[in-house]
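# Residue-level structure breakdown
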Amino acid sequence: MLSRIAESLYWIGRYVERAEDTARIVDVHLSLLLDDPWAPEDVVCASLLSAMGHEPAETVRRDEVLEALVWDTSTPASVIGAIGAARENGRRSREVVSAELWESINVTWREASRPGRRAYPHPFLTWVRERTAAFNGTADGTLSRDEAYHFLVLGRSIERADMIARLAAARALAGTAGPSWALLLQSCGAYQAFLRSARGAVDERRAAEFLLLDPIFPRSLMSALVVAEKSLDKLAARHGVDDHARASQAHRVLGMIRSELEFAPPAELLEDVYQVMERVQSACSVAGDAVAQRYFPRSVVTSWMVS
């Protein structure tokens, strides 16, 4: 597969996941402000911006959060920007993606860009979650399990792991002033699954363990890392490399951090959440760079923005 097409598919996976995760996170945090009139708006908004990698000002309001994380078309860190970047990468890989998949992302971009969306942020964020779910379902149903599919899943998994680590690190850093673990579960679409798993024994420690360590919930940190490793294995096998060569830098760093999460005593892990999540984010960054160096060596630009 041409490196430019492989890279496009990898970034489609990352950008679609980023749009979905950001939409979930913003929607849950803004709903908290509506449901709890005593929640300090500046603290909630500053915590959210910090988790998403922004440097918040002293006083942050709801409109500023929406502008930075939802409406800003100049950066793929926002919902609209990520959808646009995914669409542009889809356009560059039209010969590989299915017609249904291209139509899904193209329609999403055009509908998201319609005037008037800003007036109704909650319905818009709900719609984004539905559209990204439709995209992922279309990808699962129309793509052969070849390199194209594995690059897309690899990008999605690395982005998901990085996003969960960001949220958990921000929660640990903010302490009781930040969002609860139950709120983070809602942000990741994991709360109902957690309630079934906990069988009524709901507390902060169990919620943290579920989000970070549950091996069977697809949106947990552990599951995202495992899927990323499996995708790297599939790609290595298709490239015909031997077992020694499969231990690429990306596979090593993801395997090491996954092993740390898997085998460390949960009590010790949760006492040191911030530092561990920092290492997870670093591992995702190193893995992303290693994937680019190995599979996209001739690429000059690793992400495309809509002009």
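Residues numbered from 1 in each chain as written. Predicted model: local features only at pLDDT ≥ 70, side-chain atom pairs only at ≥ 80, totals over all residues. Heavy atoms only, no water.

Of all hydrophobic cores here, the largest spans 103 residues; its most connected members are Phe124, Trp181, Leu212, Leu221, Leu261 and Met277. Ignoring anything within four residues of it in the chain, the contact list for leucine 212 reads Ile164, Ala168, Trp181, Leu221, Met222, Leu270 and Met277. (Core = buried A, V, L, I, M, F, W, Y, C linked by side-chain atoms within 4.5 Å. Buried < 20%, exposed > 50% of the residue type's maximum accessible area, 1.4 Å probe, protein only. Contact = heavy atoms within 4.5 Å.)

Moving on, we get to helix H13 (residues 249-263). Given a rise of 1.5 Å per residue, 15 residues ought to cover 21 Å, and the 21 Å separating the end C-alpha atoms of H13 matches this to within 8%. Those residues of H13 that sit buried are Ala250, His251, Val253, Leu254, Gly255, Ile257, Arg258 and Leu261. (Helix = DSSP H or I, 4+ residues; strand = E, 2+ residues; numbered from the N terminus. Expected span 1.5 Å × (residues − 1).)

Quick look at the confidence of the model for the protein chain now. The pLDDT averaged across the protein chain works out to 86; a share of 90% of its residues lies at or above 70. Scored below 50 in pLDDT, residues 242-247 makes 7 contacts in the model with residues more than four places away or belonging to other chains. Predicted confidence for residues 300-307 stays below pLDDT 50, and this span has 22 contacts to residues more than four positions away or in other chains. (pLDDT = per-residue confidence, 0-100.)

Another aspect to go through is the side chain of arginine 219. As for its placement among the helices and strands, arginine 219 is situated in the loop between helix H10 (204-213) and helix H11 (221-238). Judged by its relative accessible area of 11%, arginine 219 is buried. A polar side-chain atom of arginine 219 sits 3.0 Å from a polar atom in the side chain of glutamate 17. When neighbours within four sequence positions are excluded, arginine 219 is seen to be in contact with Glu17, Glu20, Asp21, Arg24, Arg160, Ile164, Cys188 and Leu211. (Polar contact = N/O pair within 3.5 Å; in protein donor to acceptor, adjacent residues only side chain to side chain.)

In helix packing, the relevant descriptors are the interaxial angle and the interaxial distance, both defined with respect to the helix axes. Here H11 crosses helix H15 (residues 273-295) at 20°, and the two axes come no closer than 13 Å. One finds that H11 runs roughly parallel with respect to H15. Like other packed secondary-structure pairs, H11 and H15 cross with a definite hand, here left-handed. Two secondary-structure elements touch here, H11 through Leu221, Leu232, Leu235 and Ala236 and H15 through Met277, Val280, Val291, Arg294 and Tyr295. Along the lines of polarity and charge, the residues of the contact of H11 with H15 split into 8 nonpolar, no polar and 1 charged. (Axes fitted to C-alpha atoms, helices over the stretch in contact; angles between N-to-C directions. Parallel < 35°, antiparallel > 145°, perpendicular 65-115°, else oblique. Left-handed = near helix turned anticlockwise from the far one by under 90°. Nonpolar A, V, L, I, M, F, W, Y, C, P; charged D, E, K, R; others polar.)

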